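# A look at the structure
Residue strings, one per chain:
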Amino acid sequence: MDASPFRAGHVAVIGRPNVGKSTLVNALVGAKISITSNRPQTTRHRLLGIATFPAGQLILLDTPGIHREQKRAMNRMMNRAARGALEGVDAALLVVQAGRWDDEDGLAYDALKSAGVPVVLVVNQVDRLKDKTALLPYLARATEGRDFASVHPISALKELGLPDLVRAVLSLVPEQEALYGEDEITDKSQRFLAGEMVREQLMRQLGDELPYATTVEIERFEVDGALLRIGAVIWVERQGQKGIVIGKGGERLREIGARARQQMEKLFDAKVFLETWVRVREGWSDDEAALKSLGYHD
Ligand SMILES: Nc1nc2c(ncn2[C@@H]2O[C@H](COP(=O)(O)OP(=O)(O)OP(=O)(O)O)[C@@H](O)[C@H]2O)c(=O)[nH]1
Ligand SMILES: [Mg+2]
């Protein structure tokens, strides 16, 4: 019997903030290329994760969570980036959190439907459901009056239910040869990823609203033999925020740098020398020009 033909295609990963889109992309790719945290609006850029299987290749577009708040230019840019990801994709995954469906999930569903792509419903975080019997009624409610190509309860974190999901999504993409080399995992440069690793620590280690007032710019990225020399500027919006990021005796900034460096060394498989600075740029998150110069675009 002939093996079935290889398939390959682009698949957008869409959903409200904090449902586990980036965790899912990382699990499918098999490497941590997209940053994650337990706070909404962690992902700010579109990013390709390339997952190659014996039966085919999925080019997954991780996107910022679609959300209602449109106050700052940054939020508008993130929503545009998510919606723009739908152009030219073969299918989309709508990721939701098991047991919960709110109006931002509806917003994401509507965006997918108006793009006219086949939508797979991914019900994530099933490991967190205490009462497993709640899953069936939840699935019935989530799918009622909505049109999905298939429905998959999964746990991206515990990697449960992924093979079935991959099979279903592969069936929605065209028969064709791989579009990327087998060992390619993302379209982003190491320089970009280095900035994201620092930003992940800001999301994880800073409290309250502070992560949303910060961004990271890589000023220096040099290959020095087997060593990567990386210089990162952490931008904040106000002078008072600078002291909080640095912490008492510089302790917090040291911890942010140490963790980010560990992540970089793992992903790049190289020794990393990381320097970090904190600088103030007033109102950068609500200033279109500042956003552009800091590498944000939709
Ligand atoms: N228990 C559990 N936690 C999960 C699962 N998937 C993701 N998480 C956690 O949920 C949080 C959000 O995950 P992310 O992958 O950053 O979510 P996201 O949808 O990319 O969020 P944004 O980028 O902000 O839109 C993180 O703390 C993850 O560890 C899961 O299957 N089970
Ligand atoms: Mg994300």
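Basis of the calculations
Residues numbered from 1 in each chain as written. Chains lettered and ligands numbered in written order. Predicted model: local features only at pLDDT ≥ 70, side-chain atom pairs only at ≥ 80, totals over all residues. Heavy atoms only, no water. UniProt positions renumbered as here; feature names shortened; annotations may be inferred. Donors = N, O, S within 2.8 Å, 3.2 Å for Na, K, Ca; no water. Helix = DSSP H or I, 4+ residues; strand = E, 2+ residues; numbered from the N terminus. Buried < 20%, exposed > 50% of the residue type's maximum accessible area, 1.4 Å probe, protein only. Near = heavy atom within 4 Å. Polar contact = N/O pair within 3.5 Å; in protein donor to acceptor, adjacent residues only side chain to side chain. Nonpolar A, V, L, I, M, F, W, Y, C, P; charged D, E, K, R; others polar. Contact = heavy atoms within 4.5 Å. Axes fitted to C-alpha atoms, helices over the stretch in contact; angles between N-to-C directions. Parallel < 35°, antiparallel > 145°, perpendicular 65-115°, else oblique. Left-handed = near helix turned anticlockwise from the far one by under 90°. Arc of directions from axis to C-beta.

You'll find the protein chain entered in an unreviewed UniProt entry as GTPase Era, with Cognatilysobacter xinjiangensis given as the organism. Listed under Function (unreviewed entry) in UniProt, the entry text for the protein chain is "An essential GTPase that binds both GDP and GTP, with rapid nucleotide exchange. Plays a role in 16S rRNA processing and 30S ribosomal subunit biogenesis and possibly also in cell cycle regulation and energy metabolism." According to UniProt, the comment filed for the protein chain under the heading Subunit (unreviewed entry) is "Monomer."

With that out of the way, let us pick up the coordination of the magnesium ion (ligand 2). Reference geometry at the metal: tetrahedral coordination by four donors gives ideal angles of 109.5 degrees; octahedral coordination by six donors gives 90 or 180 degrees. Every protein donor of the magnesium ion (ligand 2) is listed here as Ser22 (OG) and Thr43 (OG1), and their distances to the metal cover 2.0 to 2.2 Å. Note that Ser22 is positioned in helix H1 (residues 21-29) and Thr43 in the loop between H1 and strand S2 (47-53), a separation of 21 residues in sequence. One exposure class covers both Ser22 and Thr43, and it is buried.

Before going further, it helps to spend a moment on the site of ligand 1. The immediate surroundings of ligand 1 are formed by 23 residues, with Lys21, Thr23, Gln41, Thr42 and Asp127 found nearest. Between ligand 1 and the protein, one listed contact pairs an oxygen atom with a backbone N or O atom of Asn18 at 2.9 Å. Gly65 has a polar backbone atom sitting 3.3 Å from an oxygen atom of ligand 1. For the shell around ligand 1, the element with the most residues is H1, which contributes three residues. Of the residues assigned to the shell around ligand 1, the class counts are five nonpolar, 14 polar and four charged.

Before going further, it helps to examine H1. Counting buried positions over the nine residues of H1 gives eight, a clear majority of the element. Listing the buried residues of H1 in full gives Lys21, Ser22, Leu24, Val25, Asn26, Ala27, Leu28 and Val29. The inward-facing, buried residues of H1 abut strand S1 (7-14), S2, strand S3 (56-62), strand S4 (91-97), strand S5 (119-124) and helix H5 (162-170). In the stretch just after H1, Gly30 is the one whose phi turns positive, near 85°.

Moving on: the packing of helix H6 (residues 190-205) against helix H8 (residues 251-268). One can describe the packing of H6 onto H8 by two numbers: an axis separation of 9 Å at closest approach and a directional angle of 140°. In terms of orientation, H6 lies oblique with respect to H8. With respect to the hand of their crossing, H6 and H8 are arranged in right-handed fashion. Judged by residue contacts, Gln190, Leu193, Ala194, Met197, Val198, Glu200, Gln201, Leu202 and Gln205 of H6 engage Arg252, Glu255, Ile256, Arg259, Ala260, Gln263, Met264, Leu267 and Phe268 from H8. Its residues assigned to classes, the contact of H6 with H8 comprises 10 nonpolar, four polar and four charged.

Once that is clear, we can look at helix H4 (residues 135-143). Along H4, the residues classified as buried are Leu135, Tyr138, Leu139 and Ala142. Angularly, the buried residues of H4 cover 100° about the axis, an arc narrow enough to put them on a single face. Every exposed residue of H4 that faces more than 90 degrees away from the buried side is listed here: Leu136 and Arg141. Structurally, H4 contributes buried residues whose contacts are with S4, S5 and strand S6 (150-153). Once H4 finishes, Gly145 follows within two positions and takes phi at roughly 70°, a positive value.

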